[in-house]
Amino acid sequence: MMAVTSSCKEGTKIAMDNGKYVRYTPEQVEALERLYHECPKPSSMRRQQLIRECPILSNIEPKQIKVWFQNRRCREKQRKEASRLQAVNRKLTAMNKLLMEENDRLQKQVSQLVYENSYFRQQTQNTTLATTDTSCESVVTSGQHHLTPQHPPRDASPAGAPYVLLFLHSRLLSIAEETLTEFLSKATGTAVEWVQMPGMKPGPDSIGIVAISHGRSGVAARACGLVGLDPTRVAEILKDRPSWYRDCRAVDVINVLSTGNGGTIELLYMQLYAPTTLAPARDFWLLRYTSVMEDGSLVVCERSLNNTQNGPSMPPAANFVRAELLPSGYLIRPCEGGGSIIHIVDHMDLEPWSVPEVLRPLYESSTLLAQKTTMAALRHLRQISQEISQPNVTGWGRRPAALRALSQKLNKGFNEAVNGFADEGWSMLESDGVDDVTLLVNSSPSKMMGINLSYGNGFPSMGNAILCAKASMLLQNVPPAILLRFLREHRSEWADSGIDAYSAAAVKAGPCGLPVARGGSFGGQVILPLAHTIEHEEFMEVIKLENMGHYREDMIMPGDIFLLQLCSGVDENAVGTCAELTFAPIDASFSDDAPIIPSGFRIIPLDSGMDASSPNRTLDLASTLEVGAAGNRSTGDNSGRNGSTKSVMTIAFQFVYEIHLQENVATMARQYVRSIIASVQRVALALSPSNFGSHAGFRTPPGTPEAQTLARWICQSYRCYLGVELLEYEGSESILKTLWHHTDAVLCCSLKALPVFTFANQAGLDMLETTLVALQDISLEKIFDDNGRKALFAEFPQVMQQGFMCLQGGICLSSMGRPISYERAVAWKVVNDEENAHCICFMFVNWSFV
């Protein structure tokens with residue numbers, strides 16, 4: 001900042017050497033400030049015009065006006081930089097305080113472990129092999145959760161009666177105080193042995209400090225972070241659990257009691273959706289205690305109420321498994337300079353015995369709990385804070401809150417389809433003899449209220465019922481993120497255009513009959529980005545299916561189809577993340593009250609070793625060059641990805657139909673979902689790492705050279721045709737690694753009638769927003785616009801004749817349809833050792849997303 005200030009002052013002195021110093025009057029400063037807000041950087045002609053239009057500035061020379069604007073811009077830049085640095089300083093100070101507290105907690109935990117270690121060592125020395133005392137077993141197991149069923153005491157009267165609550169007020173307060181003490185011991189004490197979650201590193205830009213528990217009953221996760229909201233607002237948001245916890249169906253407040261210390265006790269009944277069709281949903285009977293501590297911190301803690309506590313009870317609900325929430329909650333402390341420091345603890349016993357053994361990792365993984373609950377709360381708070389500080393209109397004229405509401409509608413609608421609760425009007429249809437696909441129908445008035453609308457084009461919305469076809473399948477040896485990314489980017493591999501047209505007709509409000517099998521291409525898919533969260537772990541987009549048509553008898557109605565799509569979990573490095581792709585047809589008007597009938601996919605990892613991080617597969621290209629420890633590491637990476645990778649995929653598709661067509665629509669839906677299952681199995685087999693060889697890392701497809709050899713050919717051909725070196729250093733052991741980390745995007749395409757990409761370095765994959773697996777489905781002409789394709793085809797023969805060509809800067813497109821600008825591009829012919837043309841290599845210099 002000092003350099004900027006001195007330069008501004010020096011510039012003023014130089015400009016004033018040849019003229020007299022002018023002291024601006026308050027009126028002149030006010031006029032200049034007003035003009036500055038209209039145009040911070042006026043041209044010479046504009047400055048002369050300002051002098052003519054403002055008589056008050058007539059005695060000031062244009063050069064002096066120029067200097068004033070320069071100084072004003074300099075001061076504005078200094079102000080913004082100072083404000084930014086102050087905000088960063090406040091954040092770093094708060095994060096440092098948080099880390100110091102975490103360090104103190106860890107030191108206490110170390111001291112406790114040292115004490116326990118010395119105690120057990122002394123006990124071991126006093127015990128001989130000849131005498132085995134069974135009391136040792138009782139010492140070891142005394143702290144474990146006993147599963148022996150106990151006979152609960154009988155309640156005196158039905159739960160929820162006012163006089164019972166008054167009678168039990170003192171008992172509830174005692175339970176609340178116990179819950180508060182246990183929660184604080186988990187949040188800031190040593191009651192739980194917390195282990196840092198893999199892949200989570202604290203820092204000024206991170207979500208916070210995230211840890212998981214090992215060796216405790218149930219599953220537990222803990223997070224500490226800084227959010228730019230006051231404690232009261234934070235508590236209000238976190239209490240509204242359905243707004244941020246996507247698996248939460250509902251939270252009903254049964255009763256509220258006030259305590260003598262100014263706190264409140266709430267009795268809650270909460271229901272959670274089942275994540276898959278293979279498991280029942282969960283519910284909880286909870287006590288929530290909100291209080292303010294002596295230091296001003298706000299505490300919201302919760303726990304389950306059960307019969308052993310002599311508290312009020314809640315009768316079991318049909319189709320739900322009663323789970324237990326152990327002392328959990330939120331510790332919210334005000335932060336100096338604004339904002340809050342928050343500690344979150346989630347500790348649950350989800351009763352894994354109630355699901356098939358293969359699915360029990362879903363209910364026994366602390367990592368999965370951290371991703372879906374603990375970190376979701378922090379992310380939601382950060383998202384709200386950003387929306388408040390930057391209340392800008394985003395994609396398609398929607399404000400962030402409106403887009404967030406749309407994403408919640410998509411997620412809730414998909415969860416309702418997967419679970420199919422009877423109290424929402426769903427009923428099951430009889431099976432056709434094969435139980436792989438389950439069909440549910442819903443014709444309740446509440447469900448159809450938002451669908452039976454008219455859009456003003458003369459056609460009422462078709463259908464008076466909804467049919468849902470759903471299924472679940474187990475997958476092996478394919479990472480959920482890679483599979484979901486493929487399903488998103490290559491819709492034509494599994495979707496049917498006739499079904500899409502039929503589904504879209506429900507919201508397009510146009511006439512449409514049952515889909516008819518027909519040939520032809522699927523049509524063009526254009527992905528239009530709409531919004532994304534701060535960390536890009538979830539993004540919303542509009543999918544435009546171009547030149548699609550739907551049929552009704554002999555009437556053809558061509559047009560475009562629009563889908564609102566929500567995608568999450570595409571980061572391969574995120575541990576224990578659920579990958580989800582949900583979409584729903586929307587009307588072209590995209591109105592806020594448009595009905596949303598979502599369908600989609602959900603893939604949840606089932607690995608018991610989910611706590612081990614899994615690196616990005618694309619990085620394995622460079623790892624083949626490393627020796628020693630690198631070779632050992634690649635072996636470990638392979639074991640983490642091959643053979644033991646398991647996941648469960650849930651598929652649910654919804655169709656609006658007229659009730660008299662139920663039998664035909666049911667047959668169509670069964671066949672469609674079965675065809676999708678077959679397509680997913682085929683894709684999963686193709687994406688399985690086993691198809692790329694038994695060694696760790698990616699092996700190029702048959703008929704192409706190994707990556708090391710290809711990298712050598714690329715560099716040799718570049719040097720031969722352009723006369724300069726492509727890489728600054730070409731060591732025999734690091735050529736591929738150097739090429740892989742080259743700052744410019746390097747891509748190779750095949751020499752075919754329709755060239756497709758066969759290889760790309762890391763920058764090339766980032767530019768195209770794809771992976772090595774999906775790269776080979778992208779053709780060369782798809783990444784250029786019309787002008788780019790014309791220029792490319794006009795110059796392409798030059799590559800084959802003289803060996804290279806240079807393209808001027810322009811615009812190309814990523815696989816997601818995002819425009820990319822580049823300064824220039826170079827293409828050259830890559831020849832093999834026999835000097836035969838092998839492929840064409842492109843290098844895009846200084847590229848960036850527009």
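Values in this document were obtained by computation on a predicted structure and should not be read as measured data.

Rules behind the numbers
Residues numbered from 1 in each chain as written. Predicted model: local features only at pLDDT ≥ 70, side-chain atom pairs only at ≥ 80, totals over all residues. Heavy atoms only, no water. Helix = DSSP H or I, 4+ residues; strand = E, 2+ residues; numbered from the N terminus. Buried < 20%, exposed > 50% of the residue type's maximum accessible area, 1.4 Å probe, protein only. Contact = heavy atoms within 4.5 Å. Salt bridge = Lys/Arg side-chain N within 4 Å of Asp/Glu carboxyl O. Core = buried A, V, L, I, M, F, W, Y, C linked by side-chain atoms within 4.5 Å. Domains from an automatic or database assignment. Polar contact = N/O pair within 3.5 Å; in protein donor to acceptor, adjacent residues only side chain to side chain. Expected span 1.5 Å × (residues − 1). 1 Å grid on protein atoms, 1.4 Å probe; cavity = no way out; pocket = protein on both sides within 12 Å on 5 of 7 lines; lining within 4 Å. Points joined across faces, edges and corners; volume = space filled by probe spheres on them. Nonpolar A, V, L, I, M, F, W, Y, C, P; charged D, E, K, R; others polar. Pairing = 2+ DSSP bridges. Axes fitted to C-alpha atoms, helices over the stretch in contact; angles between N-to-C directions. Parallel < 35°, antiparallel > 145°, perpendicular 65-115°, else oblique. Left-handed = near helix turned anticlockwise from the far one by under 90°. Phe/Tyr/Trp six-rings, centres within 6.5 Å; stacked < 30°, edge-to-face > 60°. Lys NZ or Arg CZ within 6 Å of the ring centre and 35° of its normal.

With that settled, the discussion passes to the overall build of the chain. Each helix and strand in the chain was counted, giving 22 helices and 26 strands. Split into buried and exposed, the 850 residues of the chain put 50% on the buried side. Sequence separation of at least 24 residues holds for 66% of the intrachain contacts in the chain that already meet a minimum separation of 6.

Along the polypeptide, Ala223 turns up in strand S3 (residues 219-227). On the accessibility criterion, Ala223 (0% relative accessible area) is buried. In sequence terms Ala223 and Asp346 are 123 residues apart; their C-alpha atoms lie 9.0 Å from each other. For Ala223, the contacting residues outside a window of four places in its chain are Ile209, Val210, Ile342, His343, Ile344, Thr374 and Leu378.

The next subject is the side chain of Ser213. Note that Ser213 resides in strand S2 (residues 209-213). Relative accessible area serves as the criterion here: at 7%, Ser213 is assigned to the buried category. When neighbours within four sequence positions are excluded, Ser213 is seen to be in contact with Val192, Glu193, Trp194, Ala220 and Ser366.

Opposite charge on two side chains makes pairing possible when the charged atoms of those side chains draw close. The tally for this structure, following the rule as stated, stands at 25 salt bridges. For Arg682, the salt bridge identified is with Glu493, shortest N-O distance 4.0 Å. Separated by 189 residues along the polypeptide, Arg682 in helix H17 (residues 662-687) and Glu493 in the loop between helix H13 (480-489) and helix H14 (497-508) bring together distant segments of the chain. Of the residues examined, Arg682 reaches a relative accessible area of 45% and is grouped as partly exposed. Via salt bridges that share partners, Lys239, Arg241, Glu266, Arg288 and Glu302 belong to a single interconnected network.

Looking now at the nonpolar core. Of all hydrophobic cores here, the largest spans 49 residues; its most connected members are Val234, Leu238, Phe284, Ile342, Leu362 and Leu381. Residue assignment places this core across two domains, with domain 1 (165-390) and domain 2 (402-446 + 463-508 + 525-547 + 559-608 + 645-686) each supplying three or more. In this structure, Leu381 is in contact with Val227, Leu229, Val234, Ile237, Leu238 and Ile342, ignoring residues within four places of it in sequence. Counting 45 residues, the second largest nonpolar core, distinct from the first, contains Ala471, Leu475, Ile499 and Val680.

Mapped onto the elements, Arg491 comes out in the loop between H13 and H14. Its relative accessible area of 3% is what places Arg491 among the buried residues. Sequence spacing of Arg491 and Gln525 is 34 residues, and the spatial spacing of their C-alpha atoms is 8.0 Å. Among the polar contacts made by the side chain of Arg491, one reaches the side chain of Asp500 at a distance of 2.9 Å.

The terminal C-alpha atoms of helix H18 (residues 707-722), which comprises 16 residues, lie 22 Å apart, in line with the 22 Å expected from a rise of 1.5 Å per residue. The complete set of buried residues in H18 reads Ala707, Leu710, Ala711, Trp713, Ile714, Cys715, Ser717 and Tyr718. Phi turns positive one or two residues past the end of H18, at Gly723, with a value near 75°.

Enumeration according to the criterion identifies eight cavities of 30 Å³ or more in this entry. Put simply, the largest cavity is a space of about 220 Å³. Every element with two or more residues in the lining of the largest cavity is listed here: strand S6 (281-292), helix H9 (360-364) and helix H10 (366-389). Of all the elements, H10 adds the most residues to the lining of the largest cavity, at four residues. Across the lining of the largest cavity, the residue classes break down as 13 nonpolar, two polar and four charged. Here the second largest cavity defines a volume of roughly 110 Å³. Around the second largest cavity, the lining is made up of 13 residues, and of these Asp500, Ser503, Phe583, Pro585 and Ser599 lie nearest the centre. For the lining of the second largest cavity, the residue count by class is eight nonpolar, three polar and two charged.

This part is about the pairing of S3. In terms of burial, S3 is largely enclosed, as nine of its nine residues are buried. Of the two faces of S3, both are covered, the one formed by Val219, Ala221, Ala223, Gly225 and Val227 as well as the one formed by Ala220, Arg222, Cys224 and Leu226. The sheet contact formed by S2 and S3 spans four bridges and is antiparallel. Pairing of Val210 across the sheet is with Ala223, part of S3. The sheet contact formed by S3 and strand S11 (residues 340-349) spans nine bridges and is antiparallel. Looking at S11, one finds that Cys224 is bridged to His343.

So, on to the packing of helix H8 (residues 231-239) against H10. At a minimum axis separation of 11 Å, H8 and H10 run at an interaxial angle of 125°. The pairing of H8 with H10 is recorded here as oblique in orientation. In this structure, H8 crosses over H10, and the sense of that crossing is right-handed. The segment H8 lies against H10, with Arg233, Val234, Ile237 and Leu238 engaging Ala377, His380, Leu381 and Ile384. When the residues that make up the contact of H8 with H10 are grouped by side-chain class, the tally is six nonpolar, one polar and one charged.

Moving on to the packing of aromatic side chains. Summed over the entire model, instances satisfying the criterion amount to 17 aromatic pairs. Between Phe320 and Phe421, the ring centres sit 5.2 Å apart and the planes meet at 10°, which makes this aromatic pair stacked. Of the two residues, Phe320 is situated in strand S8 (residues 320-322) and Phe421 in the loop between helix H11 (400-419) and strand S12 (426-428); the sequence distance between them amounts to 101 residues. Owing to a relative accessible area of 7%, Phe421 belongs among the buried residues under this scheme. Aromatic ring contacts, followed pair by pair, group Trp494, Phe583, Phe601, Phe653, Phe655 and Tyr672 into a single cluster. In this structure, Arg491 packs its charged tip against the face of Phe583, placed 4.7 Å from the ring centre. In this arrangement the basic side chain of Arg818 is found over the ring face of Phe849, its NZ or CZ atom lying 4.1 Å from the centre.

It is worth spelling out the pairing of strand S24 (residues 819-831) at this point. Sheet topology note: the strand S23 (residues 804-813)/S24 ladder contains nine bridges and is antiparallel. Bridge assignment links Leu807 to a residue of S24, and that residue is Ala825. In terms of strand pairing, S24 meets strand S26 (residues 848-849) through two bridges, oriented antiparallel. The residue of S26 that forms the bridge with Ile820 is Phe849. Both S24 and strand S25 (residues 837-845) contribute to a ladder of eight bridges, which runs antiparallel. By the bridge assignment, Ala825 is partnered in S25 with Phe844. Two successive antiparallel strands, S24 and S25, enclose a turn made up of five residues, where Glu835 displays a positive phi of approximately 65°.

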